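Take a look at the letters that make up each chain.
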Amino acid sequence: MLVGVPKEIKNHEYRVGLTPAGVRELVANGHDVIVETQAGAAIGFANEQYEAAGATMIDTAAEIFATAEMIIKVKEPQPVECEMLRPGQILYTYLHLAPDPKQTELLVKSGATCIAYETVTDARGGLPLLAPMSEVAGRMSIQAGAHHLEKAQGGLGTLLGGVPGVAPAKVLVIGGGVVGTQAARMAVGMGADVTILDRSLPRLRELDVEFGGRLKCVYSTVEAIEEYALEADLVVGAVLIPGAAAPKLLTRDIISRMKDGAVVVDVAIDQGGCFETSKATTHQEPTYVVDGVVHYCVANMPGGVARTSTMALTNATMPFAVAIANKGAAQAMLDDQHLLNGLNVHAGQVTYQAVADVLGYDYVPATEALLANQSKPEAA
Ligand SMILES: NC(=O)C1=CN([C@@H]2O[C@H](COP(=O)(O)OP(=O)(O)OC[C@H]3O[C@@H](n4cnc5c(N)ncnc54)[C@H](O)[C@@H]3O)[C@@H](O)[C@H]2O)C=CC1
Ligand SMILES: CC(=O)C(=O)O
Ligand SMILES: [Mg+2]
């Protein structure tokens, strides 16, 4: 299969769909890989490294979209990229469609086979292609929160860990999955007073054991969210209902009664955000203030540490990329229910229930859509 890797074009997005090591893996499996010139240059992956791994460097994204059978990316395709997709072409990347009607419409119109990293599953009930970026974003959320608590950044002027004689800052993490756990780990490590909320009791039990009493594990209710948010210096939003738009757990009313200079980091912003006052921001202008509360809502946080993130992402995406290239997308998905769960749009149909429901499309189960269209041309 001819696999194409365009340079990412989202604001301050320096990640790239494949590392040179990832290219080498595909080439070793007998595939051809084309990579856009300078795609990884900003994070220390030079053209020469890609070429040494067996890739051919191509000058423009347009040439890559025009010829590649599978496009491997990081972020959701921007409108100009959606317009270049074609029927039968495979798009393998993050999509986050539920809060994004425009992108969904363009992908449906393209006729392409669109596999979303964030809905691919594993046998343990996890999201293996979201997890590495959630680990990064969870760790970064505390770094970003601590930075914006500084006076010069608009914050209250609070040090997370306090000092001997001065109590540490209070950190509330809403959602105890991958992002929440990594956020808690960093906040506890910096000496903060940390509370985590989840609505899964089994998850709270695991966290209680894992952190051995250094973390308060509280069941997530409307009352608990209000109680802990009102006294928090830093709140991290880390909930997820897979594929669906995030529930608005922190209301405008609560935000307006929080401390002035408190910081809220809405990591769930890529699914629409879990604070009522959240709107997506960029690395260039990461924060804004509502009712005295500093909001950090960067939708591609791992892009800020793009070298670490690119390596972590390729580790996770590579086995599925190889399976797709070896078998063709349809067969690879029909052989593997977990990869099949990643199919969000295929040949003009929405194949992911939560996306169809929230955006008002007819839902066509993935297997049905694949079998109905198997006679149509597809790369192998
Ligand atoms: N902004 C960014 O750059 C990035 C954003 N993310 C996003 O972060 C979010 C979290 O991802 P993960 O931690 O990997 O998900 P996860 O599935 O590992 O964890 C989500 C947790 O939220 C909990 N939850 C659901 N409803 C809740 C409620 N009402 N109250 C409290 N907890 C609740 C679930 O029980 C689960 O434990 C996702 O939206 C993901 O897409 C991930 C990586 C980067
Ligand atoms: C998961 C996601 O949205 C990101 O890594 O940018
Ligand atoms: Mg206020």
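Below is a short write-up of the structure. Keep in mind that what you see is a predicted model, and the values were worked out from it rather than measured. (Residues numbered from 1 in each chain as written. Chains lettered and ligands numbered in written order. Predicted model: local features only at pLDDT ≥ 70, side-chain atom pairs only at ≥ 80, totals over all residues. Heavy atoms only, no water.)

**Things to note about the packing of aromatic side chains**
Then step 1. Using the criterion set out here, one finds two aromatic pairs in the structure.
Then step 2. Measuring from centroid to centroid gives 4.7 Å for Tyr92 and Tyr117, while their planes differ by 85 degrees, and the two rings are edge-to-face. A residue pair is termed long-range when its members are at least 10 positions apart, and Tyr92 in strand S5 (residues 90–93) and Tyr117 in the loop between strand S6 (113–116) and helix H6 (131–148) qualify at 25 residues. You'll find Tyr92 and Tyr117 in the same group, each marked buried.
Then step 3. Each residue in the set Tyr92, Tyr94 and Tyr117 is aromatic and connected to the rest through ring pairs, giving one cluster.
Then step 4. Its end group placed over the ring of Tyr288, Lys279 keeps NZ or CZ at 3.8 Å from the ring centre. (Phe/Tyr/Trp six-rings, centres within 6.5 Å; stacked < 30°, edge-to-face > 60°. Helix = DSSP H or I, 4+ residues; strand = E, 2+ residues; numbered from the N terminus. Buried < 20%, exposed > 50% of the residue type's maximum accessible area, 1.4 Å probe, protein only. Lys NZ or Arg CZ within 6 Å of the ring centre and 35° of its normal.)

**Overview of the site of ligand 2**
Then step 1. In the vicinity of ligand 2, the contacting residues are Arg15, Lys75, Tyr94, His96, Leu130, Met133, Asp270, Ala299, Asn300 and Pro302.
Then step 2. The side chain of Asp270 places a nitrogen or oxygen atom 3.1 Å from an oxygen atom of ligand 2.
Then step 3. Taken by itself ligand 2 offers 220 Å² of open surface, and the protein chains cover 95% of this.
Then step 4. A breakdown of the residues in the shell around ligand 2 according to their chemical character gives five nonpolar, two polar and three charged.
Then step 5. Taken domain by domain, the shell around ligand 2 gets at least three of its residues from each of domain 1 (2–127 + 306–373) and domain 2 (131–304). (Near = heavy atom within 4 Å. Polar contact = N/O pair within 3.5 Å; in protein donor to acceptor, adjacent residues only side chain to side chain. Areas by Shrake-Rupley, 256 points an atom, 1.4 Å probe, with all protein chains shown as cover. Nonpolar A, V, L, I, M, F, W, Y, C, P; charged D, E, K, R; others polar. Domains from an automatic or database assignment.)

**With respect to the packing of H6 against helix H7 (residues 178–189)**
Then step 1. Direction vectors running N to C along H6 and H7 enclose 35 degrees, while the axes themselves pass 7 Å from each other. Here the hand of the crossing between H6 and H7 comes out right-handed. Seen from H6, the contacting residues are Ala131, Ser134, Glu135, Gly138, Arg139, Ser141 and Ile142; seen from H7, they are Val178, Val179, Gln182, Ala183, Arg185, Met186 and Ala187.
Then step 2. Along the lines of polarity and charge, the residues of the contact of H6 with H7 split into seven nonpolar, four polar and three charged. (Axes fitted to C-alpha atoms, helices over the stretch in contact; angles between N-to-C directions. Left-handed = near helix turned anticlockwise from the far one by under 90°. Contact = heavy atoms within 4.5 Å.)

**Section: the pairing of strand S12 (residues 287–290)**
Then step 1. By the alternation rule, side chains of S12 split into Tyr288 and Val290, which are all buried, and Thr287 and Val289, of which none is buried.
Then step 2. With four bridges joining them, S12 and strand S13 (residues 293–296) adopt antiparallel strand pairing. Paired with Tyr288 across the bridge in S13 is His295.
Then step 3. Where S12 folds back on S13, the antiparallel hairpin that results is connected by two residues, among which Asp291 adopts a positive phi of roughly 50 degrees. (Pairing = 2+ DSSP bridges.)

**What to know about the pattern of salt bridges**
Then step 1. Taken as a whole and assessed by the stated rule, the structure comprises 14 salt bridges.
Then step 2. Taking the shortest distance from any N to any O, the salt bridge between Asp233 and Lys259 comes out at 2.9 Å. Residue Asp233 is found in the loop between helix H9 (222–231) and strand S10 (234–237), and its partner Lys259 is found in the loop between helix H10 (252–257) and strand S11 (263–266); the two are separated by 26 residues along the sequence.
Then step 3. When salt bridges with common partners are traced through the structure, they connect Glu8, Lys73 and Glu81 into a single cluster. (Salt bridge = Lys/Arg side-chain N within 4 Å of Asp/Glu carboxyl O.)

**What to know about the nonpolar core**
Then step 1. One finds Ile72 and Tyr92 to be the most contacted residues of the largest nonpolar core, which totals 80 residues.
Then step 2. In terms of residue count, helix H11 (residues 306–327) provides more of this core than any other element does, nine residues in total.
Then step 3. Domain assignment of the residues forming this core places at least three in each of domain 1 (2–127 + 306–373) and domain 2 (131–304).
Then step 4. The residues touching Ile72, leaving out its near neighbours within four places in the chain, are Val3, Gly4, Val5, Pro6, Gly17, Leu18, Leu26, Tyr92, Tyr117 and Ala321.
Then step 5. Formed by 23 residues, the second largest nonpolar core is a distinct cluster that contains Ala61, Ile64, Leu91 and Leu97. (Core = buried A, V, L, I, M, F, W, Y, C linked by side-chain atoms within 4.5 Å.)

**Comments concerning the environment of Arg86**
Then step 1. By the element assignment, Arg86 lies in the loop between helix H4 (79–82) and S5.
Then step 2. Residue Arg86 is classed as partly exposed on the basis of its relative accessible area of 28%.
Then step 3. Counting along the chain gives 261 residues from Arg86 to Ala347, while the straight-line C-alpha distance between them is 9.5 Å.
Then step 4. Those residues within four positions of Arg86 in sequence are excluded, and the remaining contacts are Phe65, Ala66, Thr67, Ala68, Glu69, Ser110, Gly111 and Ala112.
Then step 5. Among the polar contacts made by the side chain of Arg86, one reaches the main-chain carbonyl oxygen of Phe65 at a distance of 2.7 Å.

Keep in mind that these numbers describe shape and distance, not what the molecule does.
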